[in-house]
Amino acid sequence: MMSEKILVTGPFGQIGSELVPELQKRYGKENVVALGHRHIPEDYDGVLETGDVRNPEEMSKLFEKYEFTQVYHLASLLSAVGEDKPELAWDVNLNGLRTFLDICKDRDVKLFWASSIAVFGPTSPLDNTPQHTVLEPTSIYGITKVAGELLCQYYHEIYGLDVRGLRYPGLISWKQEAGGGTTDYAVEIFYEAIKKGEYSCFVKEDTKLPMMYMDDAVKGTLMIMDADPEDIKVRMSYNHGALSFTVKELEEAIRKHIPELKVHYEPDKRQKTADSWPDSIDDSAARKDWGWEHKYDLPTMTEEMIKNLRKKFGMD
Ligand code: SER
């Protein structure tokens, strides 16, 4: 087997901090390069480079140095922070992607791009949202993800680039806190339930969104990158589904472990973005094309989150 050299951008974000250790386990620590930007965790153990994904010269130099065979391009501004900084969201999300599309198109590199359920908008079907449907997002984040997906498809069609992507739902994890997204409430509620027994939620209790436990998201990411190129029929990004629940249902699932939990609902401007996204998505294309299967349901995800966060805070 050809040895792999892997670049991960956004390696210390919510997804990267769980994906990088898995890649290190699979391919060897020396073969996974984390591209840090500003914040580098002190306990990071692995190969580190720093740079800006928007700078093609800087990124090209890294490719000369390491001859990467795979890139996981995760660096991105999320939906809530994107609404506060739309120009920066456009710049990082799209110029960052262009850098890697342009570098990878002339090389034998597999490129992964992180898309999102944010590609959908108020005119997309709300329930079981299909793979191929109306994409008229209203958040700048969603707009960058649709444009990015189209660019990925274009580079595949025109240059034969092996680019693969997932429309992640809200991701729930305990290692690294979520940052700047609309679905962050589904992570924050666990932290606050454990630390204070109380949470003030920024969306309404009947807000229902597609969600997934991080272990499943990492598994899906590795699965799509392992798949035979012939099996990747979608070169925009695949709907990637697992769970779907309202905040109230999540609250009740947590209350089975933390009966005293109190949740207040104080919706803010993030409600509008949440309302524009699907309640649930149809990920049958991913299941059929490359065998996607999720493992965690609401009760098992809740149990894992609580067990691991209690351990993390020394409360077990
Ligand atoms: N979790 C992301 C967000 O809320 C969606 O991709 O922005």
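Residues numbered from 1 in each chain as written. Predicted model: local features only at pLDDT ≥ 70, side-chain atom pairs only at ≥ 80, totals over all residues. Heavy atoms only, no water.

## Things to note about the nonpolar core
Working step 1: By size, the foremost hydrophobic cluster in this structure holds 41 residues, and its most contacted members are Tyr185, Phe190, Leu250, Ile254 and Met301.
Working step 2: Counting residues per element, the ones that place at least two in this core are α5 (140–159), α6 (185–195), β8 (198–201), β9 (208–213), β11 (243–246), α8 (247–255) and α11 (298–312).
Working step 3: If we skip the residues at most four places from it in the chain, Leu250 touches Ala186, Ile189, Phe190, Phe245, Leu298 and Met301.
Working step 4: Residues Phe12, Leu23, Tyr168 and Tyr238 belong to the second largest nonpolar core, which totals 33 residues. (Core = buried A, V, L, I, M, F, W, Y, C linked by side-chain atoms within 4.5 Å. Buried < 20%, exposed > 50% of the residue type's maximum accessible area, 1.4 Å probe, protein only. Helix = DSSP H or I, 4+ residues; strand = E, 2+ residues; numbered from the N terminus. Contact = heavy atoms within 4.5 Å.)

## What to know about the packing of aromatic side chains
Working step 1: Inspection of every chain in the model, using the stated rule, returns 13 aromatic pairs.
Working step 2: Ring centres 5.3 Å apart and planes at 25° place the aromatic pair Tyr66 and Phe68 in the stacked group.
Working step 3: Where Phe112 meets Tyr168, the ring centres are 6.2 Å apart and the plane angle is 55°; that geometry is what we call tilted. One end of the pair, Phe112, is in strand β5 (residues 110–116); the other, Tyr168, is in strand β6 (residues 162–168), and 56 residues separate them in sequence. Each member of the pair, Phe112 together with Tyr168, is buried.
Working step 4: Each member of the aromatic cluster is reached from another via a ring pair, and the members are Phe63, Tyr66, Phe68 and Phe100. (Phe/Tyr/Trp six-rings, centres within 6.5 Å; stacked < 30°, edge-to-face > 60°.)

## Remarks on the layout of surface pockets
Working step 1: Within this model, the largest pocket holds a volume of roughly 1200 Å³.
Working step 2: Lining the largest pocket are 47 residues; nearest its centre among them are Gly13, Leu74, Ala75, Ser76 and Leu77.
Working step 3: For the lining of the largest pocket, the elements supplying multiple residues, two or more each, are β2 (32–36), α3 (79–84), α4 (86–104), β5, α5 and β7 (170–172).
Working step 4: Top contributing element to the lining of the largest pocket by residue count: β5, with 3 residues.
Working step 5: Its residues assigned to classes, the lining of the largest pocket shows 20 nonpolar, 20 polar and 7 charged.
Working step 6: What the second largest pocket holds in volume is close to 310 Å³. (1 Å grid on protein atoms, 1.4 Å probe; cavity = no way out; pocket = protein on both sides within 12 Å on 5 of 7 lines; lining within 4 Å. Points joined across faces, edges and corners; volume = space filled by probe spheres on them. Nonpolar A, V, L, I, M, F, W, Y, C, P; charged D, E, K, R; others polar.)

## Considerations on the sheet that holds strand β4 (residues 70–73)
Think of a sheet as strands paired side by side through backbone hydrogen bonds, with each pair either parallel or antiparallel.
Working step 1: Reading across the sheet, the 7 strands line up as β3-β2-β1-β4-β5-β6-β10 and stay open at both edges, with parallel pairing between neighbours. If you trace the sheet from one side to the other, it starts and ends with β3 (47–50) and β10 (238–239), each paired once.
Working step 2: Where β6 lies against β10, 2 bridges are found, and the strand directions are parallel. Each bridged residue has a counterpart across the sheet, and for Leu166 the counterpart in β10 is Tyr238. (Pairing = 2+ DSSP bridges.)

## Some remarks on a nonpolar patch on the surface
Working step 1: On the surface, Tyr154, Ile158 and Tyr159 cluster together into a nonpolar patch covering about 330 Å² of accessible area.
Working step 2: As for its position among the elements, Tyr154 is in helix α5. (Patch = residues over 30% accessible without salt bridge, like charges linked within 9 Å, V, L, I, M, F, W, Y side chains within 5 Å. Areas by Shrake-Rupley, 256 points an atom, 1.4 Å probe, with all protein chains shown as cover. Salt bridge = Lys/Arg side-chain N within 4 Å of Asp/Glu carboxyl O.)

## Comments concerning the pattern of salt bridges
Working step 1: All chains considered together, the criterion is met by 22 salt bridges.
Working step 2: Notably, a salt bridge pairs Lys25 with Glu22, separated by 2.9 Å at the nearest N-O pair. Placement of both Lys25 and Glu22 in helix α1 (residues 16–27) is noted, with a separation of 3 residues, approximately one turn of the helix.
Working step 3: Between Asp91 and Arg54 there is a salt bridge, with the nearest N and O atoms lying 2.9 Å from each other. Of this pair, Asp91 sits in helix α4 while Arg54 sits in the loop between β3 and α2 (56–66), and the two are 37 residues apart along the sequence.
Working step 4: Since its relative accessible area comes to 25%, Asp91 is described here as partly exposed.
Working step 5: The exposure class of Arg54 is partly exposed, given its relative accessible area of 27%.
Working step 6: Linked by salt bridges that have partners in common, Glu205, Lys248, Glu251 and Arg255 make up one network.

## Notes on the site of the ligand
Working step 1: In the vicinity of the ligand, the residues found are Leu78, Ser79, Ser116, Tyr141, Gly181, Thr182, Thr183 and Trp277.
Working step 2: In this structure, an oxygen atom belonging to the ligand sits 2.6 Å away from a side-chain N or O atom of Ser116.
Working step 3: Between the ligand and the protein, one listed contact pairs an oxygen atom with a backbone N or O atom of Thr182 at 2.6 Å.
Working step 4: When atoms are counted within 2 Å of each cavity's grid points, the one that captures over half of the ligand is the largest pocket.
Working step 5: Its residues assigned to classes, the shell around the ligand comprises 3 nonpolar, 5 polar and no charged. (Near = heavy atom within 4 Å. Polar contact = N/O pair within 3.5 Å; in protein donor to acceptor, adjacent residues only side chain to side chain. Sits in = over half its atoms within 2 Å of the grid points.)

What is shown is where atoms sit, not what they do.
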